[in-house]
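Now for the letters of each chain:
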Amino acid sequence: MAETGGASTCVVAGERIARYGFPDGHPFGPDRHDAFWRELVAGGLDQRVLQLAPRRASRAELEMFHDPGYVDFVAARSAAGDGLLDGGDTPAFKGVFEAACDVVGASLVAAQAVMEGRARRGFVPIAGLHHAGRAHAAGFCVFNDIGVVVEMLKREHGLSRIAYVDIDAHHGDGVFYAFEDDPALIVADAHEDGRFLYPGTGAANEIGTGAAVGSKLNLPLPPGAGDDEFLAAWPVIESHLERHAPEFVILQCGADSLAGDPITHLGLTEDAHAHAAKQLCAMADRHAAGRILAFGGGGYNRRNIARAWTRVVQAFVEAA
Ligand SMILES: [Zn+2]
């Protein structure tokens, strides 16, 4: 994909990450990337961003977050091309290992572009695989690109206050529990109440453990909650983050929190995603030299994917 200069926002997209999707009518199908890209082009936003190509993450990069034995397990299942990677949601297919490595690599490309100052903000559509744990797949997520990026920012750049905001309908359990006792990751996660939706976690009393108590905020929303409820909760998220003055901001902007998603029950519109993106850009400007990344996350209604993600990119471009 050609690079265009002078843009404040980079978008890492292309065939390599489009291939991360499950076959046979699975809701996380490989057509999600194109649904986003067509909408981006239709609005002319592709011409206003720095387009970067994904790359494949190395094994050493994966192992900044993942257990080596789990990496071996995924590689073996991918070569065999059948079976499951978890209890039932995440099937193996031939090449799933490489596709999952490309998603991690795409997120690293965006993170490195922002840390090197080549872009102020970055977006990756097929990324934000927030259910994968250090040693397991879960909920359509094989490798946790967010976890790898957080570890990279800590180890290679010495960051100690990284904000993670998750507005996907599902609780970001793979990120949350991996860093539950780590005060370097400041979490604010608004999601459909776990009593009604997978993965069932993210209660309001989960606030972090040990040295990290108070660094994590969970905001369960009732089924059917819409923009009014989201906007009412937003100041709580913002004041939580503001207290920690983050040096880097990550937004997982899953589109499955929009009304009409086939597997969840929230009722947001893309205005909520645009609001979150705009407000977080301002926060990043105040504390983090503008550094913010957004990852597409979930979303199984193709129209919602297209609208929510392009509104996030638009907010990033217009915040310049
Ligand atoms: Zn989700």
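Our subject in this report is the structure included herewith. Numbering of residues starts from 1 in every chain and runs along the sequence as written. Whole-chain, interface and lining totals are the exception, using all residues; otherwise, since this is a predicted model, local features are given only for residues with pLDDT of at least 70 and side-chain atom pairs are given and counted only at 80 or more. The side-chain numbers reported here are obtained from all heavy atoms of the structure, hydrogens and water having been left aside.

### Comments concerning the overall build of the protein chain
Consideration 1: A run of H or I in DSSP counts as a helix once it spans at least four residues, and a run of E counts as a strand once it spans at least two, with each numbered from the N terminus. Of the regular secondary structure elements, the protein chain holds 10 helices and eight strands.
Consideration 2: Against the globule reference of 20 Å for 320 residues, the protein chain gives a C-alpha radius of gyration of 18 Å, in line with a compact fold.
Consideration 3: Each principal axis of the C-alpha distribution contributes one length, and for the protein chain these read about 50 × 45 × 40 Å.
Consideration 4: A burial count over the protein chain gives 61% of its 320 residues as buried.
Consideration 5: By sequence separation, contacts in the protein chain at least 24 residues apart represent 77% of the contacts at least 6 residues apart.
Consideration 6: Per-residue accessibility takes into account occlusion by the displayed protein chains alone, with areas from the Shrake-Rupley method and a 1.4 Å probe. Total accessible area on the protein chain stands at roughly 11,000 Å², and carbon and sulfur atoms take up 52% of it.
Consideration 7: Side-chain charges of the protein chain comprise 27 positive and 42 negative groups, with the mean position of each set lying 5 Å from the other. We take the radius of gyration over the C-alpha atoms and set the globule estimate at 2.2 Å times the residue count to the 0.38 power. Relative accessibility decides the category of a residue: with a 1.4 Å probe and only protein chains considered, values under 20% of the type maximum give buried, values over 50% give exposed, and everything between is partly exposed. Contact definition: two residues touch when any of their heavy atoms are within 4.5 Å. Counted charges follow a simple rule, with Lys and Arg positive, Asp and Glu negative, and His plus the chain ends left uncounted. We put the charge of a Lys on NZ, of an Arg on CZ, of an Asp on CG and of a Glu on CD.

### Some points on the nonpolar core
Consideration 1: For this analysis, a nonpolar core means a set of buried residues of the types Ala, Val, Leu, Ile, Met, Phe, Trp, Tyr and Cys, connected via side-chain atoms within 4.5 Å. Tyr-20, Val-142 and Phe-143 are the most contacted members of the largest nonpolar core, which totals 115 residues.
Consideration 2: Here this core takes 15 residues from helix H5 (residues 96–115), the largest share from any one element.
Consideration 3: Residues in contact with Phe-143, not counting those within four places in the same chain, are Leu-62, His-66, Tyr-70, Val-71, Val-74, Phe-97, Ala-100, Cys-101, Val-104, Leu-129 and Ala-132.

### Comments concerning the coordination of the zinc ion
Consideration 1: Only nitrogen, oxygen and sulfur atoms qualify as donors, and only when within 2.8 Å of the metal (3.2 Å in the case of Na, K and Ca); with water excluded, sites may look incomplete. Around the zinc ion, the protein contributes the donor atoms Asp-168 (OD), His-170 (ND1) and Asp-256 (OD), at 1.9 to 2.1 Å from the metal centre.
Consideration 2: The sequence motif formed by the donor residues of the zinc ion is D-x1-H-x85-D. Pair noted here: Asp-168 is in the loop between strand E4 (162–166) and helix H7 (173–178) and Asp-256 is in the loop between strand E7 (248–252) and helix H9 (270–287), with a separation of 88 residues, a long-range link. The two residues Asp-168 and Asp-256 agree in class, both being buried.

### Considerations on the packing of helix H4 (residues 68–80) against H5
Consideration 1: Between H4 and H5, the shortest axis-to-axis distance is 7 Å and the interhelical angle comes to 130°. When the interaxial angle is binned, H4 and H5 end up oblique. Taking contact as the criterion, the partners of Val-71, Val-74, Ala-75 and Ser-78 in H4 are, on H5, Val-96, Phe-97 and Glu-98. Note on geometry: axes are C-alpha line fits, over the in-contact stretch for helices, and angles between N-to-C directions span 0 to 180 degrees. Note on angle classes: values under 35 degrees are labelled roughly parallel, values over 145 roughly antiparallel, values of 65 to 115 roughly perpendicular, and the remainder oblique.

### Notes on the pattern of salt bridges
Consideration 1: Any Lys or Arg side-chain nitrogen located within 4 Å of an Asp or Glu carboxyl oxygen qualifies as a salt bridge. Inspection of every chain in the model, using the stated rule, returns 19 salt bridges.
Consideration 2: For Arg-56, the salt bridge is made with Asp-102, and the minimal N-O distance between the two is 2.8 Å. One end of the pair, Arg-56, is in the loop between strand E2 (50–52) and helix H3 (59–62); the other, Asp-102, is in helix H5, and 46 residues separate them in sequence.
Consideration 3: A relative accessible area of 38% places Arg-56 in the partly exposed class.

From the geometry alone we can't say anything about function, so treat these as descriptive.
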